[in-house]
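Notes for the structure review
So the chains spell out like this:
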Amino acid sequence: MEFSELIRTGQAQAELLRGPEMPPLRGTLCVTGHHLLLSPGPQATPDLWLLLLRSVDSIEKRVAGDAGTITLRCKDLRVLQLDIEGVEATLDIARSIEALSSLESVITSFPFFYRPKGLRLGEAWHFHPPERYYKRIARETRAWRLSEANEDFSLCPSYPRAVIVPRAVDDDALARSARFRQGGRFPVLSYYHAPSGTVLLRSSQPLTGPQKRRCAEDEELLRAVLAEARPGARGFIVDTRSAQAAKQARMTGGGTEAKAAYPGWKRLHRPLERGRPLQESFVRLMEACGDPEQSMDRWLSRLDGCRWLSHVKEALSTACLAAQGMEWEGACILVHGAEGTDSTLLVTSLGQLILDPLSRTMAGFQELIEREWIQAGHPFQLRCAHSAFSHTRPKHEAPIFLLFLDCMWQLGRQFPLSLEFGEGMLLALFDHSYASPFGTFLCNTHSLTPSRCLCEVRTQTHSLWSGLNQPKEQRKLQNPLYVPNPLAIWPSVEPQSLRLWQGLFLRWTHPPEPSEVAWEKVWQIATDQKTEGSQPTDSASESQP
């Protein structure tokens with residue numbers, strides 16, 4: 001298929017309205033295979049306005065007289081209006097955008113055509129291999145090993161080739177455990193907490209079913225985890241489903257770990273919403289944020305009714321529970337829900353950020369995203385197919401990764417000195433997870449699995465990290481107030497402590513200039529202080545729960 005077959009008209013005269021406080025642009029509108037371009041006339045700014053068509057979430061068209069209007073609602077939450085001369089041109093452009101923005105083929109997406117200056121194909125794809133993290137753990141303990149039992153992805157298609165498992169468990173036992181877990185996602189190490197010698201694990205649900213099946217090798221694996229921790233160690237299984245949901249899953253072949261079969265392990269249910277309820281919460285939040293005429297009472301009622309901040313609270317609370325079990329009680333933690341690719345990853349990644357100072361650095365955070373989301377098999381292509389404006393009924397969409405980024409923003413707001421990256425990094429990750437010129441978030445599993453090898457994502461697209469780590473980008477992403485904090489950071493989840501992330505949910509409805517000016521001022525102050533040798537010191541209160 002050629003892109004030209006989907007482009008019904010080449011160009012038209014149009015005026016672009018980008019939102020409040022931003023002047024309209026008038027010029028020639030063009031549709032290409034991947035972009036919508038508007039070239040202003042010679043009397044205006046020479047800058048070319050560009051929109052990646054994959055970022056269009058929904059499109060509305062209206063015609064009146066001899067002109068038409070197209071409203072584009074984007075996955076990055078922008079709302080754009082195009083006033084176009086000519087009814088036929090309006091309809092043709094609208095149909096072209098609809099067709100090009102909804103192409104399902106991965107290999108026709110823009111990352112396979114994006115060739116920026118200064119970047120080479122293949123760069124940064126090897127920045128965060130599993131082997132690197134294993135070397136960190138091997139310096140602390142010899143109880144774990146790097147297994148390549150999944151080298152051909154036959155055990156688990158959503159795991160990487162190499163995973164970290166107890167040294168006492170051989171690959172045959174891993175294979176049998178994989179057959180006992182949904183999707184083959186047997187328990188693997190997510191994080192080793194050196195101060196307590198305990199570990200954070202993740203997996204999917206066991207396939208016990210109505211017959212209450214057991215798997216000796218799966219039980220052996222979790223026994224080995226406790227044996228390698230310390231004498232008398234115990235563990236907690238944090239199930240991100242309600243007890244009722246776990247019980248219902250057993251009737252359809254899933255289930256939970258039986259207490260008698262896993263001595264030393266105690267199951268805790270901490271239900272986290274995922275799937276359609278979470279997507280609908282996101283949609284209702286954006287409906288409230290997009291209504292400029294509502295009263296204060298109506299705004300507060302809608303904010304409470306969408307329950308978005310409740311989801312933030314529940315995610316942070318569950319992550320704190322897991323982190324506290326390791327830090328304060330010296331317990332090992334296994335996290336899973338059903339598939340183990342959504343709320344499980346939310347909890348394990350947040351738990352590490354609470355406990356691990358290295359995860360709060362720029363490089364460590366990138367490694368965490370790569371290891372705990374991309375390599376761990378979060379289905380980005382399904383979950384981020386649409387944002388908050390699509391007219392289609394949600395099927396697999398769910399803003400789990402956005403919820404993680406929001407939780408990170410809450411941590412950064414409560415501990416402003418303890419994260420090396422700032423809000424700019426979180427906004428960039430949100431934008432790129434939904435539509436990106438880079439290949440990092442393409443497909444539904446990590447960069448080494450067959451689906452991505454088939455598309456040659458690693459060899460034919462650029463890594464997002466190579467783009468974000470360019471010196472000119474770092475100033476936008478780094479936190480100028482950062483001071484390394486070796487202690488755990490315990491966020492408050494009280495209602496008065498959590499805030500709406502205005503920098504994301506309201507960024508296109510508020511003038512951007514004041515925040516940008518303020519950010520530059522902070523950079524200037526921080527730079528001056530460092531020059532004078534008076535670097536700010538971290539607040540002792542940041543390390544307190």
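Look a little higher up for the structure.
Below you will find a few notes about this structure. Quantities reported herein were computed from a predicted structural model and do not represent experimental measurements. (Residues numbered from 1 in each chain as written. Predicted model: local features only at pLDDT ≥ 70, side-chain atom pairs only at ≥ 80, totals over all residues. Heavy atoms only, no water.)

**Remarks on the pattern of salt bridges**
Any two side chains of opposite charge can pair, given that their charged atoms come close. Quick reminder of the rule: We count a salt bridge whenever a side-chain nitrogen from Lys or Arg sits within 4 Å of a carboxyl oxygen from Asp or Glu. Secondary structure elements are defined from DSSP: runs of H or I of at least 4 residues count as helices, runs of E of at least 2 residues count as strands, and each element is numbered from the N terminus. Exposure is judged per residue with a 1.4 Å probe applied to protein chains only, and the accessible area is read against the type maximum: over 50% gives exposed, under 20% gives buried, and values in between give partly exposed.
What the rule picks out here adds up to 23 salt bridges. We note a salt bridge from arginine 26 to glutamate 85, for which the minimum N-O separation is 2.2 Å. Placement of the pair is arginine 26 in strand S2 (residues 25–31) and glutamate 85 in strand S7 (residues 79–85), with a sequence separation of 59 residues. Close ionic contact of glutamate 60 with arginine 73 constitutes a salt bridge, the shortest N to O distance being 3.6 Å. Taken together, the residues span a long stretch of sequence, with glutamate 60 in strand S5 (residues 56–64) and arginine 73 in strand S6 (residues 67–74) at a distance of 13 residues. Taking relative accessible area as the criterion, glutamate 60 reaches 29% and is therefore assigned partly exposed.

**As for the sheet that holds strand S14 (residues 332–336)**
Working definition: the strands of a sheet are paired by backbone hydrogen bonds and lie parallel or antiparallel to each other. To keep things clear, this is the line we draw: At least two DSSP bridges between two strands are required for those strands to pair. Helix axes are fitted to C-alpha atoms over the stretch in contact, other axes to C-alpha atoms as well, and angles between N-to-C directions run from 0 to 180 degrees.
Read from one edge of the open sheet, five strands run S10-S11-S14-S12-S13, paired in mixed fashion. A single partner strand is all that each edge strand has here, and the edge strands are strand S10 (188–193) and strand S13 (265–269). On average, each strand axis in the sheet is tilted by 20 degrees relative to the strand beside it, whichever way the strands run. Note: strand S12 (residues 235–239) against S13, five bridges, orientation parallel. Directly across from phenylalanine 236, in S13, lies its bridge partner lysine 266.

**Some points on the packing of helix H3 (residues 171–179) against helix H4 (residues 216–229)**
This is how the line gets drawn: Angles below 35 degrees are treated as roughly parallel, those above 145 as roughly antiparallel, those between 65 and 115 as roughly perpendicular, and all remaining angles as oblique. Crossings are classed by handedness, with left-handed meaning an anticlockwise turn of the near helix from the far one by less than a right angle and right-handed meaning a clockwise turn. Every residue pair with non-hydrogen atoms within 4.5 Å of one another is taken to be in contact. Under this grouping Gly is polar, as are all residues other than the nonpolar Ala, Val, Leu, Ile, Met, Phe, Trp, Tyr, Cys and Pro and the charged Asp, Glu, Lys and Arg.
The interhelical angle for the contact between H3 and H4, taken along N-to-C directions, is 115 degrees, at an axis separation of 7 Å. If you check the angle between H3 and H4, you find them roughly perpendicular. Judged by the twist between their axes, the crossing of H3 over H4 is left-handed. In this structure, H3 contributes Ala173, Leu174, Arg176 and Ser177 to the contact, and H4 contributes Glu217, Asp218, Glu220 and Leu221. Its residues assigned to classes, the contact of H3 with H4 comprises three nonpolar, one polar and four charged.

**Considerations on the packing of aromatic side chains**
Put simply, the rule is: Aromatic rings from Phe, Tyr and Trp, taking only the six-membered ring of Trp, are treated as a pair when their centres fall within 6.5 Å; an angle between ring planes under 30 degrees marks them as stacked, one over 60 as edge-to-face, and anything in between as tilted.
Following the criterion strictly, the structure yields 18 aromatic pairs and no others. Ring geometry for phenylalanine 282 against tryptophan 308: centres 5.9 Å apart, planes inclined by 40 degrees, an arrangement best described as tilted. In this pair, phenylalanine 282 sits in helix H6 (residues 276–289) while tryptophan 308 sits in helix H8 (residues 308–327), placing the two residues 26 residues apart along the sequence. Classification of phenylalanine 282 by relative accessible area gives buried; the value is 0%.

**Comments concerning the nonpolar core**
Stated formally: Each nonpolar core is a collection of buried residues, namely Ala, Val, Leu, Ile, Met, Phe, Trp, Tyr and Cys, held together in the definition by side-chain atoms within 4.5 Å.
Core analysis: the biggest nonpolar cluster contains 121 residues, and Phe365, Phe404 and Phe505 have the highest contact counts within it. For phenylalanine 365, the contacting residues outside a window of four places in its chain are Leu353, Leu358, Ser359, Phe404, Met408, Phe421, Met425, Leu426 and Leu429. Counting residues in hydrophobic clusters, the runner-up holds 26 residues, among them Leu29, Leu51, Ile93 and Ile97.

**What about the environment of proline 187?**
Note that proline 187 resides in the loop between H3 and S10. Given a relative accessible area of 1%, proline 187 falls into the buried group. In this structure the C-alpha to C-alpha distance between proline 187 and leucine 278, which are 91 residues apart in sequence, comes to 26 Å. Ignoring any residue separated from it by four or fewer positions in sequence, one finds proline 187 in contact with Val165, Ser177, Arg181, Arg202, Ser203, Asp218, Leu221, Leu222 and Leu334.

**Here we look at the environment of glutamate 273**
The topology assignment puts glutamate 273 in the loop between S13 and H6. Judged by its relative accessible area of 36%, glutamate 273 falls in the partly exposed class. Each C-alpha atom, one on glutamate 273 and one on arginine 120, is 40 Å from the other, the two residues being 153 residues apart in sequence. Setting aside its immediate chain neighbours within four residues, glutamate 273 contacts Leu278, His311 and Ile400.

**Things to note about the pairing of S6**
Of all eight residues in S6, six are buried; the element is thus mostly enclosed. The antiparallel pairing of S5 with S6 creates a hairpin that spans two residues between the two strands, and glycine 65 there sits at a positive phi of about 65 degrees. Two elements, S6 and S7, share seven bridges in a ladder whose sense is antiparallel. Opposite leucine 72, over in S7, you have leucine 80 as the bridge partner. Between S6 and S7, which pair antiparallel one after the other, the connecting turn spans four residues, and leucine 77 there sits at a positive phi close to 80 degrees.

**Description of the sheet that holds strand S3 (residues 35–40)**
The seven strands are arranged S4-S3-S2-S1-S7-S6-S5 in an open sheet whose pairing can be described as antiparallel. With one partner strand each, in any of the chains shown, strand S4 (49–52) and S5 form the two edges of the open sheet. Averaged over all adjacent pairs, the angle separating strand axes in this sheet is 30 degrees, with direction ignored. As judged from the four bridges shared by strand S1 (residues 11–17) and S7, these two strands associate in the antiparallel manner. Looking at the pairing, alanine 14 lines up with isoleucine 84 of S7.

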